[in-house]
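Structural features, examined
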Amino acid sequence: MVDQSAVGRSFTPVTARVEPGRLRFFLDTLGEENPVYRDADTARKAGYAATPVPPTYLFCLEMMDATEPFEFLTALDIDLARVLHGEQRFDYHAPVVVGDTLTFRPKVTSVTEKKGGAMTLIVVETGVTNQNGVHVADVSRTVVVRNARPS
Amino acid sequence: MTLFVGERIVHKTFPPITRHRLALYCGASGDHNPIHVDLDFAKQAGFPDVFSHGMLVMAYLGQALTDVVPPSRIRSFSTRFAAITQLGATLTCEGTVAELLEHNGEKRARIALTTKDQTGEVKLAGEAVVAL
């Protein structure tokens, strides 16, 4: 079971490029028709250098370009089948647009046992910077591990 | 943007969640966790069927939000995944102005957000802080 010793552990940084084709696939999947995400002129009129990404897309970029998307689970010896997503948070500091190259630096910031050890909540916080070194966002995910009953 | 507390500004319903949508989202999001697309894996893990990625539901909520608030005005966006979203769920996203505030001279609003299925069960509960 994951314990407090995991707090502070960091994982391999991920570098991801915001590619227009992949972004279009995401927009199509969601039936997203907002022109600000699809049309460069509309985006520029809204003050962007290029079309921006939707609010949750940072989560996807990190997973898409990670060599091992579930590295933190493997590193902490957690079975993927026992994991649920508990909470998710994004704090946005600067725009992210098509063509940007982002670097994600994930680390464990808390481990909490719930329900007498039946569940463990793990918070992974990820700072995101762009190709100019601008801190564009902070992403925080809480995963819930359904622990095996002691036999 | 002029808002008042209690005003409902977000309201959007999405098509039912299908296996096809989950397969597309698996590829489009980079979240290849088989529990959302592979029935054998889901059953092995103790679930009766595959179920939606929480982040697909959050992406819908984000879409409903940026239909009415320009993405550049969103300062933060957070949710708690309250319940698993099953196949066939028809999701409705809603957002109500919960508070007007000011941060470093910027006028902002806190929008309380929910996503419910067709039975009214809350799947996501969260909030966004937006600049006015």
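Below, the structure is looked at part by part.

Rules and cut-offs
- Residue numbers restart at each chain and count upward from 1, following the sequence in its written direction.
- The lettering of chains begins at A and the numbering of ligands begins at 1, in the order of writing.
- Reporting in this predicted model follows two pLDDT cut-offs: at least 70 for local features of residues, and 80 or more for side-chain atom pairs to be given and counted; totals over whole chains, interfaces and linings ignore these cut-offs and use all residues.
- Note on contacts: each residue gets a C-beta atom placed from the backbone, and two residues are in contact if those atoms are within 7 Å.
- Counting from the N terminus, the helices are DSSP H or I runs at least four residues long and the strands are E runs at least two residues long.
- Pairing between strands requires that DSSP locate at least two bridges from one strand to the other.
- A set of buried Ala, Val, Leu, Ile, Met, Phe, Trp, Tyr and Cys residues, joined through C-beta atoms within 7 Å, is what we mean by a nonpolar core.
- Once C-beta atoms are placed from the backbone, each residue is buried if 20 or more other C-beta atoms lie within 10 Å of its own, exposed if 12 or fewer, and partly exposed for counts between those two.
- Axis definition: a line fit to C-alpha positions, over the contact stretch in the case of helices; interaxial angles, taken between N-to-C directions, run 0 to 180 degrees.
- For classification, angles of less than 35 degrees are called roughly parallel, those exceeding 145 degrees roughly antiparallel, those between 65 and 115 degrees roughly perpendicular, and all remaining angles oblique.
- Whether a crossing is left-handed or right-handed is set by the direction in which the near helix is turned from the far one by less than a right angle, anticlockwise for left-handed and clockwise for right-handed.

1. Focus: the interface of chain A and chain B
The interface of chain A with chain B comprises 29 residues on the first partner and 32 residues on the second. Broken down by element, the side of chain A that touches chain B gets its largest block of residues, eight residues, from strand E2 (residues 83–92) of chain A. Bridge count between E2 of chain A and strand E2 (residues 74–81) of chain B: five bridges; the pairing is antiparallel. Within E2 of chain B, the position partnered with Phe-90 of chain A by the bridge is Phe-77 of chain B.

2. Considering the nonpolar core
Most often, soluble globular proteins have nonpolar side chains that are buried together. Counting 54 residues, the largest nonpolar core has Leu-58, Leu-61 and Ala-137 of chain A together with Tyr-60, Leu-61 and Ala-128 of chain B as the members making the most contacts within it. Take this core: its biggest share by element is nine residues, from helix H3 (residues 54–66) of chain B. The residues touching Leu-61 of chain A, leaving out its near neighbours within four places in the chain, are Ala-16, Val-18 and Leu-102 of chain A. By size, the runner-up hydrophobic cluster in this structure holds ten residues, among which are Leu-76, Ile-78, Ile-122 and Val-143 of chain A.

3. Observations regarding the packing of helix H1 (residues 20–29) of chain A against helix H1 (residues 19–29) of chain B
Helices that pack against each other are described as a pair by the angle of their axes relative to one another and the distance between those axes. Between H1 of chain A and H1 of chain B, the shortest axis-to-axis distance is 9 Å and the interhelical angle comes to 155°. Our classification of the angle between H1 of chain A and H1 of chain B gives roughly antiparallel. Handedness of the H1 of chain A/H1 of chain B crossing: left-handed. Packed against H1 of chain A, whose contacting residues are Phe-25, Phe-26 and Thr-29 of chain A, the element H1 of chain B presents Leu-24, Tyr-25, Ala-28 and Ser-29 of chain B at the interface.

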